[in-house]
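Here is how the chains run, residue by residue.
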Amino acid sequence: VSRHYGSKDGLFIRVFKFLEEWIEESCRHATQNIHGLDAINAFILDISNNINLHAEKYRAYFCLWFYGLESKGELNQYLMQVRHLREQRYLKWLRQAQKLKQLSKKSDLSMLTDFLMTSLIGLIHKWMFDMAFNIELRLKQLVNIQLRTMFANSHLFYSVNYWGE
């Protein structure tokens, strides 16, 4: 391992990069020519549609992700870069949503990004521990019920500072 990858972290980063590129390609395909909230929904629905078909790849990806968060080396640093890129993608989509008037210009995009990322990771975390958990259904419910309802009714939250305005 040391000769080919430099370290155990080097090996894990190589595997993670392979899986990350695979997920990124699927994301690019799912969100091609889609913007704003529709892109966020398409991204999550793509994961939902593929997670059970490619469970071993998703499990490997998230096992490395969760393992790497506890490490103090190269893997952790690499994961922080990947997380930052994911965060930037969500922020881009949310900015597009503001331009498309799908979301108030006063919305706290950083808070919304945190909400989206933690919702997705929370569901995946539960799926990692509970093989009977219906991740496909929950991800579809996240998009088709929770996010659509939340964004469609966001005007109701303006008076109570719900979006961090």
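None of these values were measured; they are calculated from a predicted model.

(A) Looking closely at a positive patch on the surface. Together, Arg95, Lys99, Lys101 and Lys105 line one region of the surface with positive charge. Summarising the element assignment, lysine 105 is placed in the loop between α5 (74–99) and α6 (109–129). The exposure class assigned to lysine 105 is exposed, which follows from its relative accessible area of 60%.

(B) Structural context of helix α3 (residues 36–50). For α3, with 15 residues, the first-to-last C-alpha span of 22 Å sits near the 21 Å given by 1.5 Å per residue. With twelve of its 15 residues buried, α3 lies for the most part within the structure. Within α3, burial applies to Gly36, Leu37, Ala39, Ile40, Asn41, Ala42, Phe43, Ile44, Asp46, Ile47, Ser48 and Asn50.

(C) Spatial organisation of the environment of leucine 69. Along the polypeptide, leucine 69 turns up in helix α4 (residues 55–70). Sequence spacing of leucine 69 and glutamate 136 is 67 residues, and the spatial spacing of their C-alpha atoms is 25 Å.

(D) Quick peek at the pattern of salt bridges. In total, this model carries six salt bridges according to the counting rule given. Glutamate 24 is the partner of arginine 86 in a salt bridge, and the nearest nitrogen-oxygen pair spans 2.9 Å. Here arginine 86, found in helix α5, pairs with glutamate 24, found in helix α2 (residues 8–31); they are 62 residues apart in sequence, far enough to count as distant. Where salt bridges share partners, they join Glu20, Glu24, Arg86 and Arg89 into one cluster.

(E) Examining the side chain of arginine 89 more closely. Position of arginine 89 relative to the elements: it lies in helix α5. Apart from residues no more than four positions distant in its own chain, arginine 89 is found in contact with Glu24, Cys27 and Phe43.

Each value, and the rule that gives it
Residues numbered from 1 in each chain as written. Predicted model: local features only at pLDDT ≥ 70, side-chain atom pairs only at ≥ 80, totals over all residues. Heavy atoms only, no water. Patch = residues over 30% accessible without salt bridge, like charges linked within 9 Å, V, L, I, M, F, W, Y side chains within 5 Å. Areas by Shrake-Rupley, 256 points an atom, 1.4 Å probe, with all protein chains shown as cover. Salt bridge = Lys/Arg side-chain N within 4 Å of Asp/Glu carboxyl O. Lys, Arg positive; Asp, Glu negative; His and termini not counted. Charge placed at Lys NZ, Arg CZ, Asp CG, Glu CD. Helix = DSSP H or I, 4+ residues; strand = E, 2+ residues; numbered from the N terminus. Buried < 20%, exposed > 50% of the residue type's maximum accessible area, 1.4 Å probe, protein only. Expected span 1.5 Å × (residues − 1). Contact = heavy atoms within 4.5 Å.

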